[in-house]
Amino acid sequence: MKIGSQSKLGGRSYLDGQCLIAMPGMADTRFSRSVVYVCAHSEDGAMGIIVNKPAADTKFPDLLVQLDVIPSEEIIRLPSRAEKMQVLRGGPVETKRGFVLHTADFFLESATLPIDDGICLTATLDILRAIAVGTGPENAVLALGYAGWAAGQLEAEIQSNGWLHCEADPALLFDESVETKYQRALNKIGIDPAFLSRDAGHA
C-alpha cells in the first residue's frame, strides 16, 4: 500500500495518518463520537484504530498475563509506562486481536507498519514483550480490534456526512485524556460540537 497516494477526496491525499471524527449523523452507533486514526487507506479500502474509546474493565498488565507474556508474579515488576498503558476498544473487527499504535522509536522488521509522521502500528507479541521489560516505544496504546472499510466505503461515508477529518498529533493519539479527544479533534478544524447537527456538511 502506497502511503500518500492521491485519491478523489476533494483533491486530498488518502487519509493515512489522519484522524476521522464521527459526525452526529453517523448511522453506525458503534462509532458514535469516535476519533479514528487511519492506519491504511487506498483504493482497496481502509483500516483504522479508534483512539478515544477505552476497553471496559481491561488493564494492560492483566492482558500480559493472559497472553503468557509475563507470569502473574511479574506484574509488580513492570515498568511504570507498562503499568499505565492504555487499552482501547479499537474497532468492531477482530476484537480479540491486539494492535499497538506507537511512536517510531520502536521498529520490528517485517512486523511494524510505518504510517505517517513518526507513528507506526505493530501487531505481534514481540512489542508487548518489549514494553513489559521497558525496551518498547516511548508512546504507545494497545487497541483491541480495528475499524475496517471495503473499497470506496469510507469515501461514501464521508460524502454522506458520516465523518470529518483532521490532522493527527501525538497527544490526540497517546495521552490519557480520552474523554476530551473528540472535542480536541473538532477544535483542530475550528468546529464547536455545539454547532454540529445531524445534517451538517463535511470538510
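Residues numbered from 1 in each chain as written. Predicted model: local features only at pLDDT ≥ 70, side-chain atom pairs only at ≥ 80, totals over all residues. Heavy atoms only, no water.

### Digging into the overall build of the protein
So, point 1. Scanning the protein from N- to C-terminus turns up six helices and 11 strands.
So, point 2. Taken along the three principal axes of its C-alpha coordinates, the protein extends 55 × 35 × 25 Å.
So, point 3. Relative to its full complement of 203 residues, the protein shows a buried share of 46%.
So, point 4. A fraction of 65% describes how many contacts in the protein between residues 6 or more apart in sequence connect residues 24 or more apart.
So, point 5. Accessible area for the protein stands at about 10100 Å²; split by element, carbon and sulfur atoms hold 50% of it.
So, point 6. Averaging the locations of the 18 positively and 26 negatively charged side chains of the protein gives two centres separated by 4 Å. (Helix = DSSP H or I, 4+ residues; strand = E, 2+ residues; numbered from the N terminus. Buried < 20%, exposed > 50% of the residue type's maximum accessible area, 1.4 Å probe, protein only. Contact = heavy atoms within 4.5 Å. Areas by Shrake-Rupley, 256 points an atom, 1.4 Å probe, with all protein chains shown as cover. Lys, Arg positive; Asp, Glu negative; His and termini not counted. Charge placed at Lys NZ, Arg CZ, Asp CG, Glu CD.)

### Brief notes about the pairing of strand β9 (residues 119-122)
On a regular strand, each side chain points to the face opposite its neighbour's, so the side chains alternate between the two faces of the sheet.
So, point 1. Alternating positions in β9 separate into two faces, I119 and L121 on one and C120 and T122 on the other, with burial throughout.
So, point 2. Note that strand β7 (residues 93-103) and β9 share four bridges and pair antiparallel. Note that in β9 the partner of L101 across the bridge is L121.
So, point 3. Sheet topology places strand β8 (residues 112-116) next to β9; four bridges connect them, and they run antiparallel. Each residue of the ladder has a partner; that of P114, found in β9, is C120. (Pairing = 2+ DSSP bridges.)

### Here's the deal with the nonpolar core
So, point 1. Counting 28 residues, the largest nonpolar core has Y37, C39, I49, V51, L101, L121 and L173 as its most contacted members.
So, point 2. Core analysis: the second largest hydrophobic core is formed by 20 residues, L64, F106, L128 and L144 among them. (Core = buried A, V, L, I, M, F, W, Y, C linked by side-chain atoms within 4.5 Å.)

### Here's the deal with the environment of S42
So, point 1. By secondary structure assignment, the location of S42 is in strand β4 (residues 35-42).
So, point 2. Taking the C-alpha atoms as reference points, S42 and G98, separated by 56 residues in sequence, lie 23 Å from one another.
So, point 3. Side-chain polar atoms of S42 contact the backbone nitrogen of D44, separated by 3.0 Å. (Polar contact = N/O pair within 3.5 Å; in protein donor to acceptor, adjacent residues only side chain to side chain.)

### Regarding helix α6 (residues 181-188)
So, point 1. When α6 is considered as a whole, its buried residues turn out to be K181, Y182, A185 and L186. Axial view of α6: buried residues confined to an arc of 135 degrees, hence all on one face.
So, point 2. Contacts from the buried residues of α6 go to β3 (18-22), β4, β11 (163-167) and α5 (170-174).
So, point 3. Where α6 terminates, the next one or two residues include G190, which has phi positive at roughly 75 degrees. (Arc of directions from axis to C-beta.)

### Things to note about the confidence of the model for the protein
So, point 1. Scored by pLDDT, the protein has a mean of 89; 90% of the residues are at 70 or more.
So, point 2. Counting interchain partners and residues more than four positions distant, the pLDDT-below-50 stretch residues 1-8 has 18 contacts.
So, point 3. Under a pLDDT of 50 for its full length, residues 199-203 has, in the predicted model, 13 contacts with residues more than four places off or in other chains. (pLDDT = per-residue confidence, 0-100.)

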